Amino acid sequence: MSYENQRDSEEDDSDDSESESGGGRVSTFFKRLFSGFLRNWGFLRDVHNMLNIPTQAFPAPNSQQRIGPSSQSGRNKVALKPGHSLMDWIRFSKSGKDLTGLRGRLIEVTQEELQKHNTRDDCWTCIRGMVYNVTPYMDYHPGGEEELMKAAGIDGTELFDQVHRWVNYESMLKECLVGRMATAIKAFIPPPPPPTSLAPPISLAPPPEKDSRPRYDWFQTDVSVHLVIYAKRKIPSTGCTSVDLQAGVLRLEVLLGKMSYMIHLRLAEEVEENVAVHTAASVGKIQVSVRKQAKRKWTSLGQPLEFHNTFLRKKDRALFYRNCVLVSKTEVNHNTHVFRLQLPRGTVRHVPVGKHVYLKALIKDTEVVRPYTPVDQTMAAASHHSSQDSDLYLMIKVYPDGVLTQHLNSLQIGDLISVSGPEGTFSLRPLRDVTHLYLLAAGTGFTPMARLIRLALQDIDTIRKTKLLFFNRQEEDVLWHRELDELAANDERFQVEYVLSVPSDGWTGRKGRVDECILKDFLSRPDVSKCYACVCGPTAFTELTIGLLKQQGFSEEELHAFQG
């Protein structure tokens, strides 16, 4: 995905060091510091009450889920000392040792005091008004102390907000909590004196612009209730609407670019949990229909709940999870499976191409969250999802020491998995009028490319050629090898080439790693063509490949880096 998904690498493999995110990728700084930990709500509630801190929703309003432009680079991974893995930090932080140096006391920290703690051996930072001593975490930080020191002795909230909204710093650093920042008292500024004459003001406020906020209405019949959303703009035919109906509570979210419109109601009467959604894309109209359990007239649609009828930036919305059922697990190769997840009854949702979801699990009293990019059931599957085929397919690589992937691999058919709605900012707009699409992937960086390939071949008529350059260590690591070969054999518009860094003696294909020579052979820019390239893989791979593509004449507008 455009990001978009995290590549929280859990094995030190230069060619396929993607994380257990399968298709995930994440941006910089606190990515590894904060990913995947359970907020201890009881502890935080006590701390907040003790310090008289107003409760605020998490993720915080300013946090972001983003896909950086191709020019933005991800954080470089550093080699950790033995015994300094994610699980080692969990054990160490729960060992009972004093990680703050204050023997359990919580203090108010002034700006001057915070600035004093700005060295490698004495490092405090502030995140959203809370101060943490991150010194004990230095050796556990996969991004290295250099990244962590960027927030030493200062308010690191802005840096923190550059990462994904699913991060969970409160639990991660709860044993490192020093206290809260002291609130500076602002000087009182008296209002200006009233005018001394009756003359009209010099300037008048401009007339209000046309209201572009979506609105809703509803109507009913004897047997059904219909909620209608007027987006006031053209919308995608699929993928922009998520509906959840459970225990009489209706939650509807419409994604409109970077904005999110939400309806959240406790319905006035009981209804069946079957939901129908109809979209008129060209006029921006969405109709959600449910059946009444009793044939009687409703006097109102229901009782508004939190964030009802709000129009906010998507990144300001907290993630919303549903419990999905594991329906099947299909082997792809020696360490990767496709997990098929069934949405709960009452949920209607489609994950657009290039978007990802988050999986969440409670492991050893710790909440672990990772992003994954959905794929189709197979490369031969149609890209269109009917209402009868709303299941989610996630291609997940199981790492020997992966905290979440080992948990997922242990699940039995019928077990539940918490899954978020679609996230990310990948857009298909740059593909308009593109004639040649180049996809460069390493390891599980293939996952966002899978559906993009099908989309290019089925739905975008202007694309005359789609080429995939797929990097792996060994041939056995290639995902959907046979399916890709079959697709290339059956559709002349698609071409795939494999590059192995540790090939067997019998391998006759390309060998090595991404470099200028390989890209020159792979890329072609015919006259009167419009090209576009997407890259996904480990951070080092993505950074190097983007740089090489620019050397080959690709502009920023012709590149998309799935960040990791």
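Thresholds applied
- Sequence order as written defines residue numbering, which begins from 1 separately in each chain.
- Only residues with pLDDT of at least 70 get local features here, since the model is predicted, and only at 80 or more are side-chain atom pairs given and counted; chain-wide, interface and lining totals rely on the full set of residues.
- Side-chain measures here rest on the full set of heavy atoms in the structure, leaving out hydrogens and waters.
- Pairing between two strands is assigned when DSSP locates at least 2 bridges connecting them.
- Secondary structure elements are defined from DSSP: runs of H or I of at least 4 residues count as helices, runs of E of at least 2 residues count as strands, and each element is numbered from the N terminus.
- Only protein chains enter the accessibility calculation, which uses a 1.4 Å probe. A residue is then buried if its area is under 20% of the maximum for its type, exposed if over 50%, and partly exposed in between.
- Looking down the strands as they point away from the viewer, one classifies a crossover as right-handed if the path from the first strand across the helix to the second runs clockwise.
- Within a predicted model, pLDDT stands for the predictor's per-residue confidence, ranging from 0 to 100.
- For this analysis, residues touch if any pair of their heavy atoms sits within 4.5 Å.
- Orientation is described by axes fitted as lines to C-alpha atoms, over the contacting stretch for helices, and by angles from 0 to 180 degrees between their N-to-C directions.
- As used in this structure description, the phrase polar contact means that two N or O atoms lie within 3.5 Å; if the pair is within protein, one of them must be able to donate a hydrogen and the other to accept it, and residues adjacent in sequence are counted only when both atoms belong to side chains.
- A carboxyl oxygen of Asp or Glu within 4 Å of a side-chain nitrogen of Lys or Arg is what we treat as a salt bridge.
- Between the rings of Phe, Tyr and Trp (Trp by its six-membered ring), a pair exists once the centres lie within 6.5 Å; its type follows the angle of the planes, with under 30 degrees stacked, over 60 edge-to-face, and the other angles tilted.
- The rule is short: NZ of Lys or CZ of Arg within 6 Å of the ring centre and within 35 degrees of the ring normal puts a charge over the ring.

**Here we look at the sheet that holds strand 2 (residues 118-119)**
Hydrogen bonding along the main chain pairs the strands of a sheet, whether they run parallel or antiparallel.
Part 1 of the reasoning: Spatial ordering of the open sheet is given by 1-5-4-3-2, a layout of 5 strands whose pairing is mixed. Two strands bound the open sheet, and with one partner strand each, they are strand 1 (107-109) and strand 2.
Part 2 of the reasoning: Here 3 bridges tie strand 4 (residues 130-133) to strand 5 (residues 177-181), and the two strands are oriented antiparallel to one another. The residue bridging Tyr-132 from the neighbouring strand is Leu-177, located in strand 5.

**Some words on the pairing of strand 27 (residues 531-536)**
Part 1 of the reasoning: Summarising burial for strand 27: 6 of the 6 residues are buried, a large majority.
Part 2 of the reasoning: Side chains of strand 27 alternate between two faces, with Cys-531, Ala-533 and Val-535 and Tyr-532, Cys-534 and Cys-536 buried alike.
Part 3 of the reasoning: Inspection of the sheet shows strand 23 (residues 436-442) paired to strand 27 by 6 bridges, in the parallel sense. From the neighbouring strand, Tyr-438 faces strand 27, where its bridge partner is Ala-533.
Part 4 of the reasoning: In terms of strand pairing, strand 27 meets strand 28 (residues 559-562) through 4 bridges, oriented parallel. Residue Ala-533 lies in a different strand from strand 28, and its bridge partner there is Leu-559.
Part 5 of the reasoning: You can see the chain leave strand 27, run along helix 12 (residues 539-551) and come back into strand 28, and the turn it takes is right-handed.

**A look at the confidence of the model for the protein chain**
Part 1 of the reasoning: Per-residue confidence for the protein chain gives a mean pLDDT of 82; residues scoring 70 or more make up 78%.
Part 2 of the reasoning: Mean pLDDT values over the elements of the protein chain span from 42, in helix 2 (residues 41-51), up to 98, in strand 24 (residues 465-472).

**Some thoughts on the sheet that holds strand 27**
Part 1 of the reasoning: Read across the open sheet, the 6 strands follow the order 26-25-24-23-27-28; overall the sheet is parallel. Looking at strand neighbours, the two that pair on one side only are strand 26 (510-511) and strand 28, the edges of this open sheet.
Part 2 of the reasoning: Against the sheet, helix 10 (residues 481-490) contacts strand 24 and strand 25 (494-500), and its axis sits at roughly 145 degrees relative to strand 25.
Part 3 of the reasoning: Of the strands in this sheet, strand 23, strand 24, strand 27 and strand 28 touch helix 12, which is tilted by about 160 degrees from strand 27.

**What to know about the side chain of Asp-88**
Part 1 of the reasoning: In this structure, Asp-88 sits in helix 3 (residues 86-93).
Part 2 of the reasoning: Within the structure, the side chain of Asp-88 is placed 3.1 Å from the backbone nitrogen of His-84, a separation counted as a polar contact.
Part 3 of the reasoning: With residues up to four places along the chain from it excluded, the contact list for Asp-88 reads Gly-83 and Tyr-140.

**Describing the pattern of salt bridges**
Part 1 of the reasoning: Considering all chains together, one arrives at 24 salt bridges under this definition.
Part 2 of the reasoning: The salt bridge involving Arg-451 is made with Asp-376; its shortest N-O contact spans 3.8 Å. With Arg-451 in helix 9 (residues 447-458) and Asp-376 in the loop between strand 20 (374-375) and strand 21 (392-397), this pair connects stretches of sequence that are 75 residues apart. For the pair formed by Arg-451 and Asp-376, the shared burial category is buried.

**Some thoughts on the packing of aromatic side chains**
Part 1 of the reasoning: As enumerated under the stated definition, the model contains 12 aromatic pairs in all.
Part 2 of the reasoning: A ring pair is formed by Phe-446 and Trp-480, whose centres lie 6.2 Å apart and whose planes are at 85 degrees; its orientation type is edge-to-face. A residue pair is termed long-range when its members are at least 10 positions apart, and Phe-446 in the loop between strand 23 and helix 9 and Trp-480 in the loop between strand 24 and helix 10 qualify at 34 residues. For the pair Phe-446 and Trp-480, a shared accessibility class is recorded, and that class is buried.
Part 3 of the reasoning: Grouped by ring-pair contacts, the aromatic residues Trp-89, Phe-92, Tyr-137 and Tyr-140 constitute a single cluster.
Part 4 of the reasoning: Looking at Arg-251, its charged tip hangs above the ring of Phe-320, at a distance of 4.1 Å from the centre.
Part 5 of the reasoning: Looking at Lys-467, its charged tip hangs above the ring of Phe-522, at a distance of 4.9 Å from the centre.

**Some words on the environment of Ala-361**
Part 1 of the reasoning: Structurally, the position occupied by Ala-361 is in strand 18 (residues 357-363).
Part 2 of the reasoning: Here the alpha-carbon distance between Ala-361 and His-407, two residues 46 residues apart in the chain, equals 8.2 Å.
Part 3 of the reasoning: Sequence-distant contacts of Ala-361, that is, excluding residues within four places in its chain, are made with Thr-366, Glu-367, Val-368, Leu-404 and His-407.

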